[in-house]
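# Close look at the chain arrangement
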Amino acid sequence: MDTHNINYLNELLEQDVELREKIKEQVTDLDKKTRNMVGILNKIHSTPSESIPPLLDAVRPILNSCDETTAALAAIVPPNQFWRWKDMWSNSLRTAVYSAALVEFLTTGSLISLAQTSQTLGIKEEWKDRFCIAVEDYLHGLISLVNELSRLAVNAVTLGDYQAPIRISLFVKDLFAGFTMLNLKNDTLRRRFDSLKYDLKKIEEVVYDVSLRKLTTPSRT
């Protein structure tokens, strides 16, 4: 290679390193926010149901502030390079999706959609070639939600909330049914989906136990 080509290649390598560092800086910021949210949300397992709303109120400002980081990432990533860089933020974004989904369930009892999650995190449609929530990352976030809800079903009973496992059971069964209709070809995602049946079984056992003890009477399961 001649000197001109070597200099050109070195310049491209330096640009990649600089871009990677800029992305890493924003991902680190997103990591901090998701860790804070997870830390607060973890308290639901030792908090009576009537005291959960204040916890969610503490999470929402952090969740809403994620739009600053997602906007910064969208501004940094060059057009049409989403798939080149997405692995740098996938784990952080999955945790953000999980946090948004758990807040939505605990607030309304419903499932947050991909579009609603994007809106919550301030991610705009026009960024899709640079920064967006990949479907697989959204689904990973929902699987994490089910993992956490199976734990909550047990702890809620310990705290005297016997209706929570029934609400969780109905929600998870509906979500599981939706997953079974998806054509999952991603190996990691498929393995994590397979683990959901164990979470569902755990929740059903809790519901069965509280029903057997006549602590509550589910209207449908």
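Residues numbered from 1 in each chain as written. Predicted model: local features only at pLDDT ≥ 70, side-chain atom pairs only at ≥ 80, totals over all residues. Heavy atoms only, no water.

In terms of regular secondary structure, the protein is built from nine helices and zero strands. Element order for the protein, N to C, with α for helix and β for strand: α-α-α-α-α-α-α-α-α. When the backbone C-alpha atoms are referred to their principal axes, the protein occupies close to 80 × 35 × 25 Å. Within the protein, contacts between residues at least 6 apart in sequence are counted, and of these 79% link residues at least 24 apart. Computed over 27 positive and 29 negative side-chain charges, the inter-centroid distance for the protein is 7 Å. (Helix = DSSP H or I, 4+ residues; strand = E, 2+ residues; numbered from the N terminus. Contact = heavy atoms within 4.5 Å. Lys, Arg positive; Asp, Glu negative; His and termini not counted. Charge placed at Lys NZ, Arg CZ, Asp CG, Glu CD.)

With that out of the way, let us pick up the layout of surface pockets. Vacant regions in the atomic arrangement are exposed by a probe of water-molecule size rolled over the atoms. Quantified by volume, the largest pocket comes out at close to 390 Å³. Every residue lining the largest pocket is counted, 24 residues in all, and those nearest its centre are Phe105, Leu106, Asp161, Ala164 and Arg167. Of all the secondary-structure elements, those providing two or more residues to the lining of the largest pocket are helix H2 (52-76), helix H4 (90-108), helix H6 (135-158) and helix H7 (164-180). With five residues, H7 is the single largest residue contributor to the lining of the largest pocket. The residue makeup of the lining of the largest pocket, split by class, is 13 nonpolar, eight polar and three charged. Split by domain, the lining of the largest pocket shows at least three residues from each of two domains, domain 1 (1-133) and domain 2 (134-220). (1 Å grid on protein atoms, 1.4 Å probe; cavity = no way out; pocket = protein on both sides within 12 Å on 5 of 7 lines; lining within 4 Å. Points joined across faces, edges and corners; volume = space filled by probe spheres on them. Nonpolar A, V, L, I, M, F, W, Y, C, P; charged D, E, K, R; others polar. Domains from an automatic or database assignment.)

This brings us to the packing of helix H8 (residues 187-194) against helix H9 (residues 196-212). Where H8 contacts H9, the two axes come as close as 4 Å, and the packing angle between them is 20°. By the criterion of interaxial angle, the relationship of H8 to H9 is roughly parallel. Where H8 abuts H9, its residues Arg192, Phe193 and Asp194 lie against Leu196, Lys197 and Tyr198. Residues belonging to the contact of H8 with H9 are distributed by class as follows: three nonpolar, no polar and three charged. (Axes fitted to C-alpha atoms, helices over the stretch in contact; angles between N-to-C directions. Parallel < 35°, antiparallel > 145°, perpendicular 65-115°, else oblique.)

Let's shift gears to the nonpolar core. Of all hydrophobic cores here, the largest spans 61 residues; its most connected members are Trp89, Leu149 and Phe179. Elements with a minimum of two residues in this core: helix H1 (3-41), H2, helix H3 (82-85), H4, H6, H7, H8 and H9. Those residues in contact with Trp89, other than ones at most four positions away along the chain, are Ile23, Val27, Leu73, Val77, Phe82, Arg130, Phe131 and Cys132. (Core = buried A, V, L, I, M, F, W, Y, C linked by side-chain atoms within 4.5 Å. Buried < 20%, exposed > 50% of the residue type's maximum accessible area, 1.4 Å probe, protein only.)

Right, let's get into the domain arrangement of the protein. Parsing the protein into structural domains produces domain 1 (1-133) and domain 2 (134-220). Taking only C-alpha atoms into account, the centre of domain 1 sits 25 Å from that of domain 2. When domain 1 packs against domain 2, the two sides together hide about 2000 Å² of surface, and 69% of this comes from carbon and sulfur. Three residues stand out in domain 1 for area buried against domain 2, namely His45, Arg94 and Phe105, and they jointly supply 34% of the buried area on that side. (Buried area = accessible area lost by both parts, 1.4 Å probe.)

What follows concerns the packing of aromatic side chains. Aromatic ring pairs are described here by two measures, namely the spacing of the ring centres and the angle between the planes. For the structure shown, the criterion picks out six aromatic pairs. Seen in terms of ring centroids, Phe82 and Trp83 are 4.9 Å apart; in terms of plane orientation they differ by 80°. Their pairing is edge-to-face. Phe82 sits in the buried class, given a relative accessible area of 3%. Between Phe105 and Phe171, the aromatic rings sit 4.6 Å apart at their centres with planes inclined by 50°, giving tilted as the arrangement. Note that Phe105 is positioned in helix H4 and Phe171 in helix H7, a separation of 66 residues in sequence. Here Phe105 falls in the buried class, since its relative accessible area comes to 9%. Classification of Phe171 by relative accessible area gives buried; the value is 10%. An aromatic cluster is built from Phe82, Trp83, Trp89 and Phe131, whose rings are joined through pairwise contacts. (Phe/Tyr/Trp six-rings, centres within 6.5 Å; stacked < 30°, edge-to-face > 60°.)

Relative to the assigned elements, Lys43 resides in the loop between H1 and H2. As for Lys43 and Leu121, which are separated by 78 residues in sequence, their C-alpha atoms are 22 Å apart.

This next bit is on H4. Look at H4: 26 Å from first C-alpha to last across 19 residues, which is about the 27 Å you get at 1.5 Å a residue. Just beyond H4, the residue with positive phi is Gly109, at close to 80°. (Expected span 1.5 Å × (residues − 1).)

With that settled, consider the pattern of salt bridges. The full count for this structure, using the stated rule, is 17 salt bridges. Asp137 is paired through a salt bridge with Lys86; the nearest N and O atoms lie 3.6 Å apart. One end of the pair, Asp137, is in helix H6; the other, Lys86, is in the loop between H3 and H4, and 51 residues separate them in sequence. Residue Asp209 pairs with Arg213 through a salt bridge whose shortest N-O separation is 3.1 Å. Shared partners join several salt bridges into a network, and the residues in it are Lys86, Arg94, Glu136 and Asp137. (Salt bridge = Lys/Arg side-chain N within 4 Å of Asp/Glu carboxyl O.)

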